[in-house]
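Summary of the model geometry
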Amino acid sequence: MSLSHFITLSLILCAIGVYGILTRRNLIGILLSVEVILNGANINFAAFAHFKAADPTAGAIFPIFVMAVSACEMAVALAIIISMYRQKKRLDVYRLEELNG
Amino acid sequence: MSDFLFYVLATMLVLLSLMAVSLPNLLHGAVSLIGSFLVTAALYIMLQLEFVALAQVMLYIGGIIIFMLIIILLTTGLGEDDSLNRISLGQRFKRALIPMGLLVSLLLFIGKTPSPLLQSATHRAAPVTLDDIGFRLLSIDNGFIIAFEVISILLLVALVGAVVIARKDKDEGEEA
C-alpha cells in the first residue's frame, strides 16, 4: 500500500467518471458520474496527506470543502432538473437545446 | 495484511463505480454509488483520516445520495426512463476509448517520470485528530477561516438559488 497505488486508483475512478459522462444521456446519470470523479479526487487528497505528511491536517480539511461544494452543486442541480422536468417531461440531454449557441 | 485489504477494497470500489456509471436503471446506479462511498470511507480509515471517513458517510451517503435518490424518484418512474434512449454498443465502445486513452497515457507518464514526489522515502503521517482539524479550520494565522466562511455563504446562496429556480410560476401553478 503506497502512494502510487492510491494515485492509480484515483486515476481509474476519474476514467470511469469520464466514461459515464460520455455515455449517459440522462441528466441525472451525468451527475452520478461527476460524483465518481469527485470521489477519486478526494482519495488523492487523502493519500497525499497520509503518505507525504508535509501538512496532514490541511490534507484532511480539503476533502471537507470538496464535499460542501458538491452538496451545493447537488442542491442547484435538483432545482434545475425539477424545473426542466416540469417544462419538458424528459431529461434527455440530446433534446435539451435551449442553451445552444 | 494491509496490502491485501487495500486490493480487496480497491477492486470493490472500481467495480461499484463501474456499476454506478453503466447500469441502465438509474436507481440501481445510485444504490451502487452508496456502496462505493462506503468503501471509500473504509479506505480513509485505512489512511488514518477518521474525520474524513465520518464526513464521507454523513455528507455523501446521508445527504448527497439521498438528494439524488429523491431527484430520480421524482422525475423518472423508478429510474427506468433511461432505457428508451440508450446508446448503442458500438458507440459505447468508441466512447470508452477516450477515457481508456486518458488512463493509459497518464499511467505511462507517472510510471516513466522519475518524480521525487513519488520516489522519496514515504514517512507516514501521525494520525490527524479532531482537535487539530477544528483548530486549523478556525485559526486566523495559517488557517482556513476565510474559506470556511466563504463556504457557509456559498451554501446559503445555493439554497436560496435552488428555491428560486425550483419555484412554480403563478400561472403555471394554476394549470397543474
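Each chain carries its own residue numbering, running from 1 in the direction its sequence is written. Chains and ligands are labelled sequentially in the order written, the chains with letters from A and the ligands with numbers from 1. Given that the model is predicted, a residue must reach a pLDDT of at least 70 before its local features are reported, and side-chain atom pairs must reach 80 or more before they are shown or counted; all residues, however, enter totals for whole chains, interfaces and linings. For side-chain calculations, the full set of non-hydrogen atoms in the structure is used, while hydrogens and water are omitted.

1. Points about the packing of aromatic side chains
Residues and elements named next belong to chain A. Two aromatic rings, drawn from Phe, Tyr or Trp (for Trp, its six-membered ring), form a pair once their centres lie within 6.5 Å of each other, and the interplanar angle then sorts them: stacked below 30 degrees, edge-to-face above 60, tilted otherwise. Tallied over the full model, the rule gives seven aromatic pairs over all chains. Judged by centre distance (5.8 Å) and plane angle (50°), the ring pair of Phe-6 and Phe-51 falls under tilted. Note that Phe-6 is positioned in helix α1 (residues 3-23) and Phe-51 in helix α2 (residues 27-51), a separation of 45 residues in sequence. Note on exposure labels: buried denotes an accessible area under 20% of the residue type's maximum, exposed denotes more than 50%, and partly exposed covers the range between, all computed with a 1.4 Å probe on protein chains only. With a relative accessible area of 1%, Phe-51 lands in the buried category. On the numbers, 6.5 Å between centres and 85° between planes, the contact of Phe-62 with Phe-65 is edge-to-face. Taken as a pair, Phe-62 and Phe-65 lie in helix α3 (residues 56-88) at a separation of three residues, close to a single helical turn. By definition, any uninterrupted DSSP run of H or I lasting at least four residues is a helix, any uninterrupted run of E lasting at least two residues is a strand, and each is numbered from the N terminus.

2. Quick word on a nonpolar patch on the surface
In this scheme, patches are assembled from residues that exceed 30% relative accessible area and form no salt bridge. Like charges are connected within 9 Å, while nonpolar side chains (Val, Leu, Ile, Met, Phe, Trp, Tyr) are connected within 5 Å. Only the protein chains shown count as cover for residues, with accessible areas throughout obtained via the Shrake-Rupley method and a probe of 1.4 Å. Salt bridge, as used here, is a side-chain nitrogen of Lys or Arg placed within 4 Å of a carboxyl oxygen of Asp or Glu. Residues B:Phe4, B:Val8 and B:Met12 make up a contiguous nonpolar surface patch of roughly 280 Å² in combined accessible area. Mapping B:Val8 onto the fold places it in helix α1 (residues 2-22).

3. Regarding α3(A)
How far a helix is expected to stretch is found by multiplying one less than its residue total by 1.5 Å. Compared with an ideal rise of 1.5 Å per residue, which puts 33 residues at 48 Å, α3(A) spans 48 Å between its outermost C-alpha atoms and is within 8% of the ideal. Downstream of α3(A) by one or two residues, A:Lys89 has phi in the positive range, about 65°.

4. Some points on the packing of α3(A) against helix α7 (residues 145-166) of chain B
The contact between α3(A) and α7(B) brings their axes to 9 Å, and the two run at 10°. Between α3(A) and α7(B), the crossing angle belongs to the class labelled roughly parallel. Here A:Phe65, A:Ala68, A:Val69, A:Cys72, A:Ala75, A:Val76, A:Ala79, A:Ile80, A:Ser83 and A:Arg86 of α3(A) come into contact with α7(B), specifically with B:Ala147, B:Phe148, B:Ile151, B:Leu154, B:Leu155, B:Ala158, B:Ala162, B:Ile165 and B:Ala166. Only the stretch in contact is used when fitting a helix axis, every axis being a line fitted to C-alpha atoms; angles between N-to-C directions are given from 0 to 180 degrees. With respect to orientation, any angle under 35 degrees is reported as roughly parallel, any angle over 145 as roughly antiparallel, any angle of 65 to 115 as roughly perpendicular, and every other angle as oblique. The contact definition used throughout considers only heavy atoms, calling two residues in contact when any of these lie within 4.5 Å.

5. Quick word on the environment of A:His50
One can find A:His50 in helix α2. Between the C-alpha atoms of A:His50 and A:Ala75, which are 25 residues apart in sequence, the distance is 31 Å. In this structure the side chain of A:His50 is engaged in a polar contact, spanning 3.0 Å, whose partner is the backbone oxygen of B:Leu47. Throughout this description, a polar contact denotes any pair of N or O atoms lying within 3.5 Å of each other; where both atoms belong to protein, one of them has to be capable of donating a hydrogen while the other can accept it, and for residues adjacent in sequence the pair is counted only when both atoms sit in side chains.

6. Brief notes about the environment of B:Leu137
Tracing the chain through its elements places B:Leu137 in helix α6 (residues 130-138). What makes B:Leu137 buried here is its relative accessible area of 13%. Distance in space between the C-alpha atoms of B:Leu137 and B:Phe148 is 7.0 Å, their sequence separation being eleven residues. Apart from the residues within four sequence positions on either side, B:Leu137 is in contact with A:Ile61, A:Phe65, B:Phe144, B:Ile145 and B:Phe148.

7. Looking at the nonpolar core
Counting residues in each nonpolar core, the largest one holds 67 residues, and the members touching the most others are A:Phe6, A:Leu9, A:Ile28, A:Ile43, B:Phe6 and B:Leu43. Mapped onto this core, the elements with two or more residues apiece are α1, α2 and α3 of chain A together with α1, α2 (26-46), α3 (50-75) and α6 of chain B. The element that contributes the greatest number of residues to this core is α3(A), accounting for 13 residues. Ignoring anything within four residues of it in the chain, the contact list for B:Leu43 reads A:Phe6, A:Leu9, A:Ile43, B:Phe6, B:Leu9 and B:Leu13. Among the buried residues, those of types Ala, Val, Leu, Ile, Met, Phe, Trp, Tyr and Cys that are joined through side-chain atoms within 4.5 Å form a nonpolar core.

8. Regarding the interface of chain B and chain A
Facing the 81 residues of chain B at the interface are 69 residues of chain A. The term buried area refers to how much accessible surface (probe radius 1.4 Å) is lost by two components on association, counted for both of them together. The largest contributions to the chain B side of the interface with chain A come from B:Val21, B:Leu47 and B:Ile71, which together make up 9% of the buried area. On the surface where chain B and chain A come into contact, there are zero salt bridges. Connecting chain B to chain A are nine residue pairs in polar contact (both at pLDDT 80 or more). Among the secondary structure elements, those contributing two or more residues to the side of chain B that touches chain A are α1, α2, α3, α4 (89-112), α5 (116-119), α6 and α7 of chain B. Looking at which element gives the most residues to the side of chain B that touches chain A, the answer is α3(B), with 13 residues. Residues belonging to the side of chain B that touches chain A are distributed by class as follows: 56 nonpolar, 14 polar and eleven charged. When residue character is reported, Ala, Val, Leu, Ile, Met, Phe, Trp, Tyr, Cys and Pro are called nonpolar, Asp, Glu, Lys and Arg charged, and the others, Gly included, polar.

9. Describing the layout of surface pockets
Each cavity reported here is a set of points on a 1 Å grid over the protein atoms alone in which a 1.4 Å probe fits but cannot get out, each pocket an open set with protein on both sides within 12 Å along at least five of seven lines, and each lining residue one with an atom within 4 Å of a point. Grid points are joined across faces, edges and corners, and a volume is the space filled by probe spheres set on the points. Roughly 160 Å³ of volume is contained in the largest pocket. A:Ile64, A:Phe65, A:Ala68, A:Ala71, B:Leu59, B:Leu137, B:Phe148, B:Ile151, B:Ser152 and B:Leu155 together form the lining of the largest pocket. Looking at the lining of the largest pocket, the elements that each hand over two or more residues are α3 of chain A together with α7 of chain B.

On their own, these measurements won't tell you what the molecule is for.
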